[in-house]
Amino acid sequence: MDFCDRRNIKEYYELLVEYGYDDLNVIVETLTKEEIDDVFKSAIPKAGHRAKLWLAVRKEKEEASKVNVSNQKVCAEKSEESSSVGSSAAWQKESLGWVPFPRKPISIFFNAVLKEMHGCIWDDLPYEDSFRKVFNSEKVRQYSYEKKLASIETKLNFITSDNMAAAGTLLDNEPMPYSGSNIKRNIGSLVELQSRVDAIKIEVIEHDTSIMLGNGGPRLPYLRFHHRNNNQTLARLNELLDKIEAVIKQLQKCEERKRKMTKWEMEGIKIQDTGRDSGSDIKRLSQKNRVLYIVWTMMRFGGEWR
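Residues numbered from 1 in each chain as written. Predicted model: local features only at pLDDT ≥ 70, side-chain atom pairs only at ≥ 80, totals over all residues. Heavy atoms only, no water.

An unreviewed UniProt entry annotates the protein chain as SAM domain-containing protein of Oedothorax gibbosus.

What follows is the structure, encoded as structure tokens:
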């Protein structure tokens, strides 16, 4: 399972399969810490190793939960858009791929795609077998994009958060003397996100090109649904790229300010940041830097002294 590779628990793959946990949905939906301690106690006698397995499962649950929230929002939007098209009974057929009483977010997502797709192309493709074949392909494609985009958005939200390892605190504040590595690391992460977005864009554009004719219309009438979804996905990708580019520019400016900071400026920020007695620190500076530090302090905090 990709889950074991992704969470670095390859050594437990065969064990999970042996106990019937060979489906990621089953793991995410049913496996609990208590079950791991109970069911796997004999196979994994060390509590620390069972804790490692549970930590991997918990992280997968948290990631799935974030994707689910995003999917539910998309589903609500799709349902609202398609509510005026046709009657609900027309598309609510299991022969078309409808899932009755869906509980899992992926099933809710697929039903939303089905409703929208039925209202859009049924007149062009009024044959259940043909329609379902096209639907099965398109629903998987859309869900794949949704998961990738949700993952990128989650990573971007973390980078711009106030977490100490993130860059949120650097965007609107002066850099600290020790901020250099943090700035570079986050810029690198953002560049990686850019590459991921660009890769998805290429994939979407290639697909769109394959379904279009030279005159700008779809090769087949029902493919206009795919074309519209491609345009919506591209718009979302471009919006993501704009956000990422804006954060990169802010961090690059922060990096430039950090590079231009003089020794006495950094020393002043250190003193301010740590709350140490500035008098004792000034004594340790050279006479030249002492004067510069005092001037810098007066310029920086003069408004508070007056």
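On we go from here.
**Some thoughts on the packing of helix α7 (residues 105-121) against helix α8 (residues 128-159)**
Put simply, the rule is: Axis lines are fitted through C-alpha atoms, for helices just across the contact stretch, and the angle between N-to-C directions can take any value from 0 to 180 degrees. In DSSP terms, a helix is any run of H or I states spanning at least four residues, a strand is any run of E spanning at least two, and both are numbered starting from the N terminus. Here the word oblique covers every angle except those under 35 degrees (roughly parallel), over 145 (roughly antiparallel) and from 65 to 115 (roughly perpendicular). Note: crossing handedness is left-handed where the near helix turns anticlockwise from the far helix by less than a right angle, and right-handed where it turns clockwise. The contact rule is simple, with two residues in contact once any of their heavy atoms fall within 4.5 Å. Residue type decides the class: Asp, Glu, Lys and Arg count as charged, Ala, Val, Leu, Ile, Met, Phe, Trp, Tyr, Cys and Pro as nonpolar, and the leftover types, Gly among them, as polar.
Taken N-terminus to C-terminus, the directions of α7 and α8 make an angle of 130 degrees; their axes are 10 Å apart at the nearest point. Judged by the angle between their axes, α7 and α8 are oblique. Taken as a pair, α7 and α8 cross one another with a handedness that is right-handed. Where α7 abuts α8, its residues I106, F109, F110, V113, L114, M117, H118 and I121 lie against F131, V134, F135, E138, K139, V140, Q142, Y143 and E146. Class assignment of the residues belonging to the contact of α7 with α8 gives a composition of twelve nonpolar, two polar and three charged.

**Quick notes on the packing of aromatic side chains**
This is how the line gets drawn: By convention, a stacked pair of Phe, Tyr or Trp rings (six-membered ring in the case of Trp) has centres within 6.5 Å and planes under 30 degrees apart, an edge-to-face pair has planes over 60 apart, and any other such pair is tilted. Accessibility here uses a 1.4 Å probe with only protein chains present; expressed as a share of the type maximum, an area under 20% marks a residue as buried, one over 50% as exposed, and anything in between as partly exposed.
Counted by the stated rule, this structure contains four aromatic pairs. Centroid distance F110 to Y143: 5.8 Å. Interplanar angle 75 degrees. Geometry classified as edge-to-face. One end of the pair, F110, is in helix α7; the other, Y143, is in helix α8, with 33 residues separating them in the sequence. Exposure remark for F110: the relative accessible area of 12% places this residue in the buried category. For the pair W122 and F131, a centre-to-centre distance of 5.4 Å together with 70 degrees between the ring planes defines the contact as edge-to-face. Chaining the aromatic ring pairs together yields one cluster made of F109, F110 and Y143.

**Regarding the side chain of S107**
As for its placement among the helices and strands, S107 is situated in helix α7. Residue class for S107 comes out buried when judged on its relative accessible area of 16%. Discounting chain neighbours no more than four positions away, the residues touching S107 are V99 and P102.

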